[in-house]
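# Architecture and fold: a report
Here is how the chains run, residue by residue.
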Amino acid sequence: MKLRLALAAASLLALALPLISSEVNAAAKPKLSVKGFPSVGTTETVFTFRAVLTGGVDSEDLYCLTTEWEWEEQADASLNETECPPFKAGETKIERVFNEEQSFHRPGSHIVHVVLRKGEKEIASAGTTVTVRKLP
């Protein structure tokens, strides 16, 4: 009976380890997603873009990130750097949602790309496309 229980426990542990391991990996690697609202507009539309960072551990590595918004239509990117108070483990809130507004002057599909950086290190990046139509 004890042998059966030990074998059952070992089997359960063997099944659980890949799940636990994948959860740890998911938490360790941050992922960024970005969407534009609305996804279709005109040259007069002000689009709102929202980038959401998921995964990763709330640590100093994800604290006080610089956001770089790259607009296909413009040569220069929008760089958002903030001055942040010192990080305090367990107290400091990690910002995970980043918003930006942009309008486009020419019709067509426009790619928007956002990069999150900690110093020179790229933490995560993502892109999306919005469509701009001519005014009637």
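Here, the structure is the one placed above.
Residues numbered from 1 in each chain as written. Predicted model: local features only at pLDDT ≥ 70, side-chain atom pairs only at ≥ 80, totals over all residues. Heavy atoms only, no water.

## Focus on the environment of Lys 121
Inclusion rule: Helix and strand definitions here come from DSSP, where helices need a minimum of 4 consecutive H or I residues and strands a minimum of 2 consecutive E residues; each element is numbered from the N-terminal end.
Mapped onto the elements of the fold, Lys 121 is located in strand β8 (residues 121-133). Along the chain, Lys 121 and Asp 61 lie 60 residues apart, while their C-alpha atoms are 10.0 Å from each other.

## Regarding the packing of aromatic side chains
The test is simple: Any two rings among Phe, Tyr and Trp, with Trp reduced to its six-membered ring, count as a pair given centres within 6.5 Å; such a pair is stacked if its planes are under 30 degrees apart, edge-to-face if over 60, and tilted if neither. The buried label goes to any residue with under 20% of its type's maximum accessible area, the exposed label to any with over 50%, and the partly exposed label to all in between, with areas taken from a 1.4 Å probe on protein chains only.
This model, assessed by the stated rule, comprises eight aromatic pairs. Seen in terms of ring centroids, Phe 49 and Phe 104 are 6.4 Å apart; in terms of plane orientation they differ by 90°. Their pairing is edge-to-face. With Phe 49 in strand β3 (residues 47-54) and Phe 104 in the loop between β6 (97-102) and β7 (108-118), the pair connects residues that are 55 residues apart, well separated along the chain. The exposure classification of Phe 49 matches that of Phe 104, with both residues buried. Relative to Trp 71, the ring of Trp 69 has its centre 5.8 Å away and its plane inclined at 10°; by these criteria the two rings are stacked. The same class applies to Trp 69 as to Trp 71, namely buried. Aromatic ring contacts, followed pair by pair, group Phe 47, Phe 49, Trp 69, Trp 71 and Phe 104 into a single cluster.

So yeah, pure geometry; function would need other evidence.
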